[in-house]
Amino acid sequence: MFKKTNLDTRFILACINHCDGTESGNFKKANKAANQIYDVVTELNNQNNLQYLTQFLQHENDSVSLWSAAYLLNVKPEIALSALENLIGKPKSLVSFSAKVTLSEWQKGTLKMYFKS
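Here we take up the state of the cysteines. Enumeration according to the criterion identifies zero disulfides in this entry. The thiol of C15 is not disulfide-bonded; the next cysteine sulfur, from C19, is found 9.4 Å away.

Put into structure tokens, the structure is as follows:
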């Protein structure tokens, strides 16, 4: 079992670091953060508890909201879609563009969310 505060901190920091690394072109930072995100979502998925991410849909950092919404699309589609649409409606940014692409790929049935094996 995981400690919720530890999981919260790990997920939030990883999402923020992924965005920072992506926006700055630091692929090592972005890739390390993506692996940390995959660790958390895999842990939640193994416990059939992806809905835990619901609490992050309205996070003050848009990257945290984006990652949460993406992983919730197949679990809680209504609220995940609402969160993505909210992000798409924000001023142009990498996160709003990523939300648009995420939504488009999900609607086409081609969005694949990664979990570690």
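Still to come is the rest of the account.
Turning our attention to the side chain of S65. Relative to the helices and strands, S65 is located in helix 3 (residues 62–72). Exposure remark for S65: the relative accessible area of 3% places this residue in the buried category. Side-chain polar atoms of S65 contact the backbone nitrogen of H59, separated by 3.3 Å. In contact with S65, other than residues within four places in its own chain, are F56, L57, Q58, H59 and L87.

Now for helix 4 (residues 77–88). With twelve residues, helix 4 should reach 16 Å at 1.5 Å per residue; the first-to-last C-alpha distance of 16 Å fits that figure. Turning to helix 4, its buried residues number three or more, namely A80, A83, L84 and L87. All buried residues of helix 4 lie within an arc of 100 degrees about the axis, which places them on one face of the element. Elements in contact with the buried residues of helix 4: helix 3 and helix 5 (94–108).

Taken together, the side chains of L94, F97 and V101 present a nonpolar region at the surface, about 250 Å² in accessible area. Checked against the element boundaries, V101 lands in helix 5. What makes V101 partly exposed here is its relative accessible area of 36%.

Another point: the packing of helix 3 against helix 5. Two elements in contact, helix 3 and helix 5, have axes separated by 10 Å at closest approach and are oriented at 10 degrees. Between helix 3 and helix 5, the interaxial angle falls into the category roughly parallel. Residues D62, S63, L66 and A70 of helix 3 pack against V95, S98, A99 and T102 of helix 5. Its residues assigned to classes, the contact of helix 3 with helix 5 comprises four nonpolar, three polar and one charged.

So, about the packing of aromatic side chains. For any pair of aromatic rings, geometry is given as the distance between the ring centres together with the angle between the planes. Tallied over the entire structure, the rule returns six aromatic pairs. Relative to Y114, the ring of Y38 has its centre 4.6 Å away and its plane inclined at 65 degrees; by these criteria the two rings are edge-to-face. Of this pair, Y38 sits in helix 2 (residues 27–46) while Y114 sits in the segment after helix 5; the two residues are 76 residues apart in sequence, bridging distant segments of the chain.

Time to look at the nonpolar core. In terms of nonpolar packing, the biggest core is built from 31 residues, with F11 and L53 touching the most fellow members. Breaking this core down by element, the ones donating at least two residues are helix 1 (4–24), helix 2, helix 3, helix 4 and helix 5. Apart from residues no more than four positions distant in its own chain, L53 is found in contact with F11, V41, L44, S68, Y71 and L72.

About the thresholds
Residues numbered from 1 in each chain as written. Predicted model: local features only at pLDDT ≥ 70, side-chain atom pairs only at ≥ 80, totals over all residues. Heavy atoms only, no water. Disulfide = S-S within 2.5 Å. Helix = DSSP H or I, 4+ residues; strand = E, 2+ residues; numbered from the N terminus. Buried < 20%, exposed > 50% of the residue type's maximum accessible area, 1.4 Å probe, protein only. Polar contact = N/O pair within 3.5 Å; in protein donor to acceptor, adjacent residues only side chain to side chain. Contact = heavy atoms within 4.5 Å. Expected span 1.5 Å × (residues − 1). Arc of directions from axis to C-beta. Patch = residues over 30% accessible without salt bridge, like charges linked within 9 Å, V, L, I, M, F, W, Y side chains within 5 Å. Areas by Shrake-Rupley, 256 points an atom, 1.4 Å probe, with all protein chains shown as cover. Salt bridge = Lys/Arg side-chain N within 4 Å of Asp/Glu carboxyl O. Axes fitted to C-alpha atoms, helices over the stretch in contact; angles between N-to-C directions. Parallel < 35°, antiparallel > 145°, perpendicular 65-115°, else oblique. Nonpolar A, V, L, I, M, F, W, Y, C, P; charged D, E, K, R; others polar. Phe/Tyr/Trp six-rings, centres within 6.5 Å; stacked < 30°, edge-to-face > 60°. Core = buried A, V, L, I, M, F, W, Y, C linked by side-chain atoms within 4.5 Å.

So, to be careful, I would describe these as geometric facts and stop short of saying anything about function.
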